Structure formats: structure tokens, C-alpha cells
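What follows is each chain in one-letter form.
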Amino acid sequence: MPTPFNQSVIEEFRANGGRVGGPFEGADLLLLTTTGARSGAPHTTPLGYVRHDGAPVVVASNLGSPHHPDWYHNLLAHPQVRVELGTDTFEALAVPAEGARREALFAHVLAAAPGYGDYQAGTDRTLPVVVLEPAEPDGWRTPGEVRTLAGKLLEVHPWLRAQLRHVSAETEAHLAARAAHTGPGEPPAPGLGLQIRQRCLAFCQSLQFHHTSEDAHLFPGIAAHHPHLADTFERLREEHRTVARIQGELVDLLGRVAIDGPERLRSGLRRMTAELTAHLDHEEETLLPLLEEVPWPPAGPAGPPSDQR
């Protein structure tokens, strides 16, 4: 729950297309909605921002407090966030910068908002600098209008495949850069970095949501009309449990990558790619013929009969 002051800023922001008065008048302000690390509930925070290469950049200054703000802990647990900027609202991937990139971005922030230097001087912790990157993989294009449930499935599945390819490509590029590093200068971090961690974690959470929705809503709805497919749906649920187990192992590897080494994460990603690709192929083969005639979005309940008098 935002503080009363923050809540008043949020309400004023939304009522006036992103413009607010008081201490924030004329400032570049956005609203960042994160998912609670422990509660799972949405939390909205007004934050100043600076643009860099088109992306908003925010600093977890907490006014120079010795502790990171709650919103920063939230985005580490749930990297996908919602950003309100002016009259626009969009999903983003929150990625804290590391090493030389963090230093360069913080210098860029200071050039636009020198007050962050005072916050940094007032605390022993390094203020995290967070880039709000596009949530979608590079080159992703939203499909056209979806009219059937089969089309909806074909919208989600390519997105999941694209996200997994993106994570795998970033991992391979990181490992290749470390292997190729020679001479002076700082090599890429020994771990896989927060860039890869955040996108991988966001992918796992999106996949979990997709499978939970299928198990709780899609499969029972189809089974009610096609009871002879009960065994098929149980097999798909079992595949979901297998994928969930691999996801759990992958998230655990992300937490231990600096200890166990990135090769173990690479192996886990390859196994997940094989398992998930086989599962999505089988699901499409099994379900698409059944869903071609089911309209999307679902039709609402019928209203009362019209008065024919």
C-alpha cells in the first residue's frame, strides 16, 4: 500500500496525463508497478527517471537510506513490471545495471539529476541503477487479430519460444565473450549477469502462469465437451509438471551460477528448450483441431430477452 503522499501523487499523475504539482512539478516522473516479493500483490511507486537510448532509467536511491527500497527487492523477485509514463502504459523488464555499465549509466543520470550524487554520498551501499527495457524479445511482432482459441494458443506459444531463444542467445553470447577476452580490461562478470537472470526469471514466471491457466481453465472447459480426451489432458498436465520441475532447477541454477559456473545453466537451458519445444509441439498437435471453432475472446453471458411489445 503506497504512503498517503505517494497515493496522492499517483492519483494526480493518472488524472492529469502524467503531470503533477508540488515537489515533483516539472520533473520527469513515471509510475512503476511491481509485484510484491512476498505478498505477490501489485505495488505502485512514483519515481523520477532519466532516459538512456530511449529506455527509462530509475535509481533505487531510497533518499540515501542504508537499505534498498521495497520496489527494488520486488523487481528482483518478479522482473516483469508495468510502467506508466505520461498517458502510456506498457510492460517492461527491469534490469539492474552492473559493473562498467552501471557506472556509465549513473554518470548519465547525474548529468540530468545531480541530486542522486548526494544520495550516493550519504550511504555506504551502491545505489542500484535499473533500466526498464522492452519486455518483448528483439524482433517480436504481435500477431494480428485473434478470433479463435486456437489463434490465442498460437499467439502465446511463439512468444514463449521467442523468449526462450532470447535467453539462450544472451547466455551463449555471454559465454563467448568471456572465452574470447584477452589482454587488459575487465572481462564479463563470472556469473551470467542480472540482464540474463532477469529475462530468464521473467520467462519462467510467464510460462508458469500459462500452464496454470491451462490446467485450471482451458483443459477442464474442453474436457467437459470432449470427455474421451481425459487421458490426453492428464498427459499434458504431467508434461506441465515436468516442465515446472525443470523451471525450478533453472531458477535454482540462476541463484547459484556464480558458484556452480555458467556451464550448468547452459546445460539446464538446453534441456528445458528440448522439453518445452516437444511439449508445445504436442499440445498444438492435440489441441488446435479442437479449438478452431471456439471464439476468442469468449462471448459474455446473454442479456435478458428484449421486449418484443
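For the structure itself, look to the data block above.
Reading the values: the criteria
One numbering rule holds for all chains: residues counted from 1, following each sequence as written. Residue-level local features of this predicted model are given only where pLDDT is at least 70; pairs of side-chain atoms are given and counted only at 80 or more, and the full residue set underlies all totals for whole chains, interfaces and linings. Values reported for side chains reflect all heavy atoms of the structure, with hydrogen atoms and water molecules removed beforehand. In DSSP terms, a helix is any run of H or I states spanning at least four residues, a strand is any run of E spanning at least two, and both are numbered starting from the N terminus. Computed by Shrake-Rupley with a 1.4 Å probe, the accessible areas treat only the displayed protein chains as cover when residues are assessed. Throughout this description, buried means an accessible area under 20% of the type-specific maximum (1.4 Å probe, protein chains only), exposed means over 50%, and partly exposed covers the range between. By convention a nonpolar core is built from buried Ala, Val, Leu, Ile, Met, Phe, Trp, Tyr and Cys residues, the set being connected through side-chain atoms within 4.5 Å. For this analysis, residues touch if any pair of their heavy atoms sits within 4.5 Å. By convention, a stacked pair of Phe, Tyr or Trp rings (six-membered ring in the case of Trp) has centres within 6.5 Å and planes under 30 degrees apart, an edge-to-face pair has planes over 60 apart, and any other such pair is tilted.

Novice: I'd like a rundown of the overall build of the protein, residues and numbers included.
Specialist: A count of helical and extended segments in the protein gives eight helices and seven strands. For the protein, the accessible surface area stands at approximately 16,800 Å², while carbon and sulfur atoms represent 55% of it.

Novice: Explain unusual backbone geometry residue by residue, including any values.
Specialist: In this structure, Asp 53 is a non-glycine residue whose phi angle is positive, near 50°. With respect to the helices, strands and loops of the structure, Asp 53 is situated in the loop between strand 3 (50-52) and strand 4 (55-59). In this structure, Asn 62 is a non-glycine residue whose phi angle is positive, near 50°. Mapped onto the elements of the fold, Asn 62 is located in the loop between strand 4 and helix 2 (70-77). Here Asn 62 falls in the partly exposed class, since its relative accessible area comes to 31%.

Novice: Can you explain the nonpolar core? Please cite residues and give values.
Specialist: Nonpolar side chains in soluble globular proteins tend to end up buried together. Core analysis: the biggest nonpolar cluster contains 18 residues, and Phe 203, Leu 207, Leu 250, Leu 265, Leu 269, Met 272 and Leu 276 have the highest contact counts within it. Elements supplying a minimum of two residues to this core: helix 5 (149-180), helix 6 (193-225), helix 7 (230-260) and helix 8 (262-291). Each residue touching Leu 250, except ones within four places of it in the same chain, is listed here: Cys 200, Cys 204, Leu 265, Gly 268, Leu 269 and Met 272. Core analysis: the next-biggest nonpolar cluster, separate from the first, contains 16 residues, Tyr 49, Val 81, Val 83 and Val 130 among them.

Novice: An account of the packing of aromatic side chains is needed here, citing residue identities and associated values.
Specialist: On inspection of all chains with the given rule, the structure shows four aromatic pairs. Arranged with centres 6.5 Å apart and planes meeting at 85°, the rings of Trp 71 and Tyr 72 form a pair that is edge-to-face. Each of the two residues, Trp 71 as well as Tyr 72, counts as buried. Centroid distance Phe 219 to Phe 233: 5.0 Å. Interplanar angle 25°. Geometry classified as stacked.

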